[in-house]
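Okay, here's what each chain looks like letter by letter:
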Amino acid sequence: MALPFFGRKPPPDSARKPHEYLDDPDPQSPAAEADAFADFAVKSQLMQFAEMVQVQEVSAGIDARAEDAAMAWAAGDAAAAERVLREALADPATAASDGLWRMLLDLHRLSGARLRFEELALDFATRFECSPPPWDDLSGAPATPRGEAVPLLALAGRLSSELAAQLQQIELIARKGGAVRIDLARVRDADAAACTLLRQAITDMRAKRIKVWLLNGGELAEALGKRVRPGEATAPDTWLLLLELMQAGGDEARFEELALDYAITFELSPPSWEAGRQTPEALNAVAGGQAAAIEPGGEAFRLEGELFGAGSDAMRRMLAYAADRERAVIDCERLRRVDFVCAGSLLNELAKLQATGRRATLIKLNALVDVLLRVMGIAEVASLSRRA
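Not measured: the values here are computed from a predicted model.

Close contact between helix H6 (residues 163-177) and helix H7 (residues 192-207) brings their axes to 10 Å; oriented N to C, the two are set at 15 degrees. Taken together, H6 and H7 sit at an angle that is classed as roughly parallel. Where H6 crosses over H7, the two elements pack in a sense that is right-handed. In this structure, H6 uses Leu163, Ala164, Leu167, Ile170, Glu171 and Ala174 to contact H7, whose residues at the interface are Ala194, Leu197, Leu198, Ala201 and Met205. Of the residues that constitute the contact of H6 with H7, the class distribution is ten nonpolar, no polar and one charged.

Here is the structure:
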């Protein structure tokens, strides 16, 4: 299976114009640093699955700035995606493409920016002499519980050193809002390397004044608890992560017992109990209701929310659904975002599905996700269509 090789193709400086709503960041500003971090995260995520597919240059017929905007959105950087698209629409050479306009309209729908959407829709109708897409709030903001204002990102499976790329993206998203929830409900175990990576990521984010809450860590705590033995001074980060999970779960009695064992085993002062580390009930209560996919109903399997990382439960259920059908229809009307790691995994799994004589059809994709999937080569192994 060939993965299209694509790169960022910035326009010449003479073609760049200030966008209408977002100020161009100073090279030394936090926004510029965030963009640089996003680029680093993107490269790290692509490296995770680069060895699994053959890389060759393929012309996807997609405008370079459409690629840039789709990649920025995949990395969770809506501001960068808007900046790229506004610069493209300010350039007469690219403004004639209605595809770029539709991407920006979809970005406003995904962000819940109705006023900006309506202004752009009027310009769209005037320029192309046709009806613009209708307004539809895809942000999820109006109906979400209060806790969902804090991003909720899930890890799954047995964690290893491959966790590094996912943690980079978690930090990128957390830096934008100053807080993040990490759902561990589907994590079965974590080796010593993963414990070190996760604990260090939590420590680093808190040092940057980012609030981090761990949710549903009971099963992981049980797995780690079987590996820590008083008197055996090995894998200290496994001990420290287990103490972190006990704080998050509010289990002060077990925390104090383990902290004493840690002090005796390593001859070091253990972490102190901090009540503020316990996940607030308002944030914990909604964790189970933010599934990225729902069970199939009727003729199509529906994907919702954001697909993050490889091997998510949502993708596994979707692939199981598709494996039972010669032509599976996947309704993506409420799918907001797919990150790079997930897109790479999806490419490989759909290629395997096609090899068995089955083919999936992803319908009602938003324009940003549609471009990303096409650039990644998924249109070669599945049928893709956009929403109105």
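What follows continues from the structure just given.
This part is about the packing of helix H12 (residues 313-323) against helix H13 (residues 340-355). Closest axis-to-axis distance for the H12/H13 pair is 11 Å, and the angle between their directions is 15 degrees. By the angle between their axes, H12 is roughly parallel relative to H13. Here H12 runs over H13; the crossing is right-handed. Here H12 contributes Met315, Met318, Leu319, Ala322 and Ala323 to the contact with H13, which in turn contributes Cys342, Ser345, Leu346, Glu349, Leu350 and Leu353. Taken together, the residues of the contact of H12 with H13 break down into nine nonpolar, one polar and one charged.

Turning our eyes to something else, we now look at helix H3 (residues 78-89). For H3, spanning twelve residues, the distance from its first C-alpha to its last is 16 Å, which sits close to the expected 16 Å at 1.5 Å a residue. With ten of its twelve residues buried, H3 lies for the most part within the structure. Among the residues of H3, those classed as buried are Ala80, Ala81, Glu82, Arg83, Val84, Leu85, Arg86, Glu87, Ala88 and Leu89.

Turning next to the sheet that holds strand E9 (residues 383-386). The four strands lie next to each other as E6-E7-E8-E9, forming an open sheet whose pairing is parallel. Strands at the two margins of the open sheet, each flanked by one partner only, are strand E6 (300-307) and E9. In this sheet, neighbouring strand axes are inclined to one another by 25 degrees on average, regardless of whether the strands run parallel or antiparallel. With five bridges connecting them, strand E7 (residues 327-338) and strand E8 (residues 359-365) associate as parallel partners. The partner of Asp331 across the bridge, within E8, is Ile363. Together, E6 and E7 form the strand contacts of H12, whose direction differs from that of E6 by roughly 160 degrees.

Here H6 spans 22 Å end to end across 15 residues, near enough to the 21 Å set by a 1.5 Å rise per residue. Of all 15 residues that make up H6, eleven are buried, and the element is covered over most of its length. Trailing H6 by a residue or two, Gly178 shows a phi angle of about 80 degrees, which is positive.

In this section: the sheet that holds strand E4 (residues 179-190). Read from one edge to the other, the open sheet built from three strands follows the order E3-E4-E5, with strand pairing classed as parallel. Of all the strands in the sheet, the pair left with one neighbour each is strand E3 (152-159) and strand E5 (211-215). Going from strand to strand, the sheet's axes swing by 25 degrees on average, the running direction of each strand aside. Pairing between E3 and E4: seven bridges, direction parallel. Across the sheet, residue Leu159 finds its bridge partner in E4, namely Ala190.

With that out of the way, let us pick up the nonpolar core. Among the nonpolar cores identified, the biggest contains 64 residues, and Met103, Leu350, Leu362, Leu373 and Ile378 are the most heavily contacted of them. With eight residues, H13 is the single largest residue contributor to this core. Each residue touching Ile378, except ones within four places of it in the same chain, is listed here: Ala343, Leu346, Leu347, Leu350, Leu373 and Leu384. Core analysis: the next-biggest nonpolar cluster, separate from the first, contains 40 residues, Leu167, Ala259, Tyr262 and Phe266 among them.

Right, let's get into unusual backbone geometry. Here Arg209, not a glycine, exhibits a phi torsion of approximately 65 degrees, which is positive. Along the chain, Arg209 turns up in the loop between H7 and E5. Of note, the phi angle at Ala235 is positive, near 50 degrees, even though the residue is not glycine. Secondary-structure assignment places Ala235 in the loop between helix H8 (218-225) and helix H9 (236-248).

Within the structure shown, the criterion is met by 23 salt bridges. Across the pair Glu304 and Arg302 runs a salt bridge whose closest N-O atoms are separated by 3.7 Å. What makes Glu304 partly exposed here is its relative accessible area of 23%. Put simply, Asp370 and Arg386 hold a salt bridge, and the shortest N to O gap is 2.8 Å.

Cut-off values and rules
Residues numbered from 1 in each chain as written. Predicted model: local features only at pLDDT ≥ 70, side-chain atom pairs only at ≥ 80, totals over all residues. Heavy atoms only, no water. Axes fitted to C-alpha atoms, helices over the stretch in contact; angles between N-to-C directions. Helix = DSSP H or I, 4+ residues; strand = E, 2+ residues; numbered from the N terminus. Parallel < 35°, antiparallel > 145°, perpendicular 65-115°, else oblique. Left-handed = near helix turned anticlockwise from the far one by under 90°. Contact = heavy atoms within 4.5 Å. Nonpolar A, V, L, I, M, F, W, Y, C, P; charged D, E, K, R; others polar. Expected span 1.5 Å × (residues − 1). Buried < 20%, exposed > 50% of the residue type's maximum accessible area, 1.4 Å probe, protein only. Pairing = 2+ DSSP bridges. Core = buried A, V, L, I, M, F, W, Y, C linked by side-chain atoms within 4.5 Å. Salt bridge = Lys/Arg side-chain N within 4 Å of Asp/Glu carboxyl O.

Everything listed here is a matter of geometry and, on its own, says nothing about what the molecule does.
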